[in-house]
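# Structural characterization, general
For reference, the chains in residue letters:
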Amino acid sequence: MKEYLSIIFAIFLLSSCTSKKEKITTPWGTTLNTDGTQVVSPSDHFSLDDLISNGEIIMLTLSGPDTYYDYHGRGMGLQYMLGERFAKSLGVSLRVEVCADTTEMIRKLEDGEGDIIGVPLPRHGREKGIGGLLFCGATMSEGTLQWAVKKGSGELAEALDHWFTPDLVSKVKAEEKFILSTGGVVRHVYAPILNAGRGLISRYDTYFRMYSPMAGVDWKLLAAQCYQESCFDPNAHSWAGAMGLMQIMPATAAHLGLPMEMIHDPQSNIAAAARFMAELQGKFADVDPSQRVFFALACYNGGYWHIRDAMALARKYGRNPGSWADVSEFVLKLSIPEFYQDPVVKHGYMRGRETVDYVERIRQRWMQYRGM
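Quick caveat, the model's predicted, so the values are computed rather than measured.

### A look at the confidence of the model for the protein chain
Per-residue pLDDT for the protein chain has a mean of 87; in total, 85% of the residues score no lower than 70. Segment residues 1-44: pLDDT under 50, and 40 contacts once partners within four positions in sequence are set aside and those in other chains are kept.

### Examining helix α5 (residues 154-163)
Residues spaced three or four apart along an α-helix point in a common direction, a consequence of the helix completing one turn every 3.6 residues. Here α5 has its buried residues at Leu-156, Ala-157, Ala-159, Leu-160 and Trp-163. Projection of α5 onto a plane perpendicular to its axis shows the buried side chains occupying an angular sector of 160 degrees, all on one side. Of the exposed residues in α5, the ones pointing more than 90 degrees away from its buried face are Glu-158 and His-162.

### Description of the packing of helix α7 (residues 205-215) against helix α8 (residues 219-230)
Direction vectors running N to C along α7 and α8 enclose 125 degrees, while the axes themselves pass 8 Å from each other. When the axis of α7 is compared with that of α8, the two are oblique. Taken as a pair, α7 and α8 cross one another with a handedness that is right-handed. Each of Asp-205, Phe-208, Arg-209, Tyr-211 and Ser-212 in α7 lies in contact with α8, whose residues at this interface are Trp-219, Leu-222, Ala-223 and Cys-226. Residues that form the contact of α7 with α8 fall into these classes: six nonpolar, one polar and two charged.

### A look at the pattern of salt bridges
Here the structure, examined in full by the defined rule, presents 15 salt bridges. A salt bridge links Arg-319 to Asp-326; its shortest N-O distance comes to 2.9 Å. Given a relative accessible area of 15%, Asp-326 falls into the buried group. Taking the shortest distance from any N to any O, the salt bridge between Arg-351 and Glu-354 comes out at 3.7 Å. Connected via shared salt-bridge partners are Glu-56, Arg-95 and Glu-97.

### Topic: the pairing of strand β9 (residues 145-150)
Judged by how many residues are buried, β9 sits mostly within the fold: five of six residues are covered. Of the pairings in the sheet, the one linking strand β7 (residues 116-122) to β9 comprises three bridges and is antiparallel in character. By the bridge assignment, Leu-121 is partnered in β9 with Gln-146. Here five bridges tie strand β8 (residues 133-140) to β9, and the two strands are oriented antiparallel to one another. Of the residues in β9, the one forming a bridge with Phe-135 is Ala-148. Connecting β8 to the next strand, β9, in antiparallel fashion are four residues, including Ser-141 with a positive phi near 50 degrees.

### Concerning a negative patch on the surface
Together, Asp-49, Asp-50, Glu-155, Glu-158 and Asp-161 make up a negatively charged patch on the protein surface. If one sorts the elements of the negative patch by residue count, α5 sits on top with three residues. If you trace the backbone, Asp-49 turns up in helix α2 (residues 48-54). Overall, the relative accessible area of 55% leaves Asp-49 in the exposed class.

### Some details on the packing of helix α10 (residues 266-282) against helix α11 (residues 289-302)
At a closest axis distance of 8 Å, the pairing of α10 and α11 adopts a crossing angle of 115 degrees. Along this stretch, α10 crosses α11, giving a crossing that reads as right-handed. The segment α10 lies against α11, with Ala-273, Phe-276, Met-277, Leu-280 and Gln-281 engaging Arg-292, Val-293, Ala-296, Leu-297, Cys-299 and Tyr-300. Here the residues of the contact of α10 with α11 are counted per class, giving nine nonpolar, one polar and one charged.

### Things to note about the side chain of Ser-202
Structurally, the position occupied by Ser-202 is in the loop between β10 (185-186) and α7. A polar contact is formed between the side chain of Ser-202 and the backbone nitrogen of Tyr-204, at a distance of 3.0 Å.

### Some points on the environment of Ala-157
Looking at the secondary structure, you find Ala-157 in helix α5. Here the alpha-carbon distance between Ala-157 and Phe-135, two residues 22 residues apart in the chain, equals 7.5 Å. Look past the residues within four positions of Ala-157 in its chain and what remains in contact with it is Leu-134, Cys-136 and Val-149.

### Focus: the sheet that holds strand β3 (residues 56-62)
Ordered in space as β6-β3-β7-β9-β8, the five strands form an open sheet in which the pairing is mixed. Edge positions in the sheet fall to β6 (93-99) and β8, since each has one partner strand and no second. Here the strands of the sheet are splayed against their neighbours by 35 degrees on average, with no regard to which way each runs. In this fold helix α3 (residues 78-90) packs onto β3, β6, β7, β8 and β9, with an angle of close to 150 degrees to the strand it touches most, β6.

About the criteria used
- Per-chain numbering applies: the sequence of each chain, read as written, is numbered from 1 onward.
- This being a predicted model, a pLDDT of at least 70 is required before a residue's local features are given, and a value of 80 or more before pairs of side-chain atoms are given or counted; all residues contribute to the totals for chains, interfaces and linings.
- Note: side-chain values were computed over all heavy atoms of the structure, leaving out hydrogens and water.
- One number per residue, pLDDT, summarises how confident the predictor is, and it ranges from 0 to 100.
- A contact between two residues is defined here by any heavy atoms of the two lying within 4.5 Å.
- Buried, partly exposed and exposed residues are distinguished by accessible area as a fraction of the type maximum, computed with a 1.4 Å probe on protein chains only: under 20%, between the cut-offs, and over 50%, respectively.
- Numbered from the N terminus, helices here are DSSP runs of H or I no shorter than four residues, and strands are runs of E no shorter than two.
- The directions considered for the arc run from the helix axis to the C-beta atoms.
- Think of each axis as a best-fit line through the C-alpha atoms, taken over the contacting stretch in the case of a helix, with angles from 0 to 180 degrees between the N-to-C directions.
- Should an angle lie under 35 degrees it is considered roughly parallel, over 145 roughly antiparallel, and from 65 to 115 roughly perpendicular; all remaining angles are considered oblique.
- Note on convention: the crossing is left-handed when the near helix lies turned anticlockwise from the far helix by less than a right angle, right-handed when the turn is clockwise.
- Gly counts as polar in this scheme, as do all residues outside two lists: the nonpolar Ala, Val, Leu, Ile, Met, Phe, Trp, Tyr, Cys and Pro, and the charged Asp, Glu, Lys and Arg.
- When a carboxyl oxygen of Asp or Glu lies within 4 Å of a side-chain nitrogen of Lys or Arg, that pair is called a salt bridge.
- Think of it this way: DSSP has to see at least two bridges between two strands before they count as a pair.
- Patch criteria: residues need more than 30% relative accessible area and no salt bridge. Like-charged residues are merged within 9 Å; nonpolar side chains of Val, Leu, Ile, Met, Phe, Trp and Tyr are merged within 5 Å.
- Accessible surface area values rest on a Shrake-Rupley calculation with a 1.4 Å probe, where residue burial reflects the displayed protein chains alone.
- All tallies of charge rest on Lys and Arg as positive and Asp and Glu as negative; His and the ends of each chain are not included.
- A single reference atom marks each charge: NZ on Lys, CZ on Arg, CG on Asp, CD on Glu.
- Definition of a polar contact: a pair of N or O atoms within 3.5 Å, with one able to donate and the other able to accept a hydrogen when the atoms are protein atoms, and with sequence-neighbouring residues admitted only if both atoms are side-chain atoms.

This is the structure:
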């Protein structure tokens, strides 16, 4: 033990007396930088067995509708979904690193910060400075565009080529189309008003009244949101795992303290959604109180950071970032490359039309309920 400690002390003593450019080789053969971190040669790479043992493959990609985007807390985009299938075929998870452009993707691949470039690149790209890549895997545009790995990753390339078949593209496109359609939520559609003459919106009005003060909204708005989410079906569930009247995701349920065994219970589900709406409104202290509910609804559907990106764009273009009318225009524009690739945007592409429609439909139904 004393001998081992003496070796460790010697290493750090040497590192303190060595210039930053020098390396240290330990008695057990590991090369260290002078700060004690391990040196990894740029030519080093994981074998396929190493990747499988590690349990994870890193896919480098770009933000966009056909590559990768966040949708209701789940990764989407044709290239990402293909990557998921490949990772599943190996029994590992897929981690995504979103890059700013092709140059960054290639640099990260060469530096060992990723395993696969999951964006179709031109195979004749030697003159474009990408001759150091090994093209393999998913193929597009009649073979002119293909994924790539670092040269030297032959086993991974072979596995990608063996896995990919042309019919995969059409299958994944069909899957994505289904998910993005109303068929993505399995639910029974109940009437939006139970009994207008008696002022009854649904069987759950008691809970909407009970928890609306917690949410900081009118109970009829909470009812309108519930109908938009599940059509008042407590057993509704979506492709992404959202469940119950207010379509709460498992991760959100855990965050809110809602046990999974209670997620379909109407009262518990509505109470958790009310807490979440209050939390979301609390994130917009910089917005006029009369506008916060619309920002919260947009976050509930499209995600907090996408809405902050739209606010940043509104500010950049001289509009009011505290007005939903102004910000909603830029939520829509986050589906246009000019805007989702803008430097002020940090979280890329989003399906803005869906989120704007979500807020508007709830607002209109709320007006209808208020006029009962």
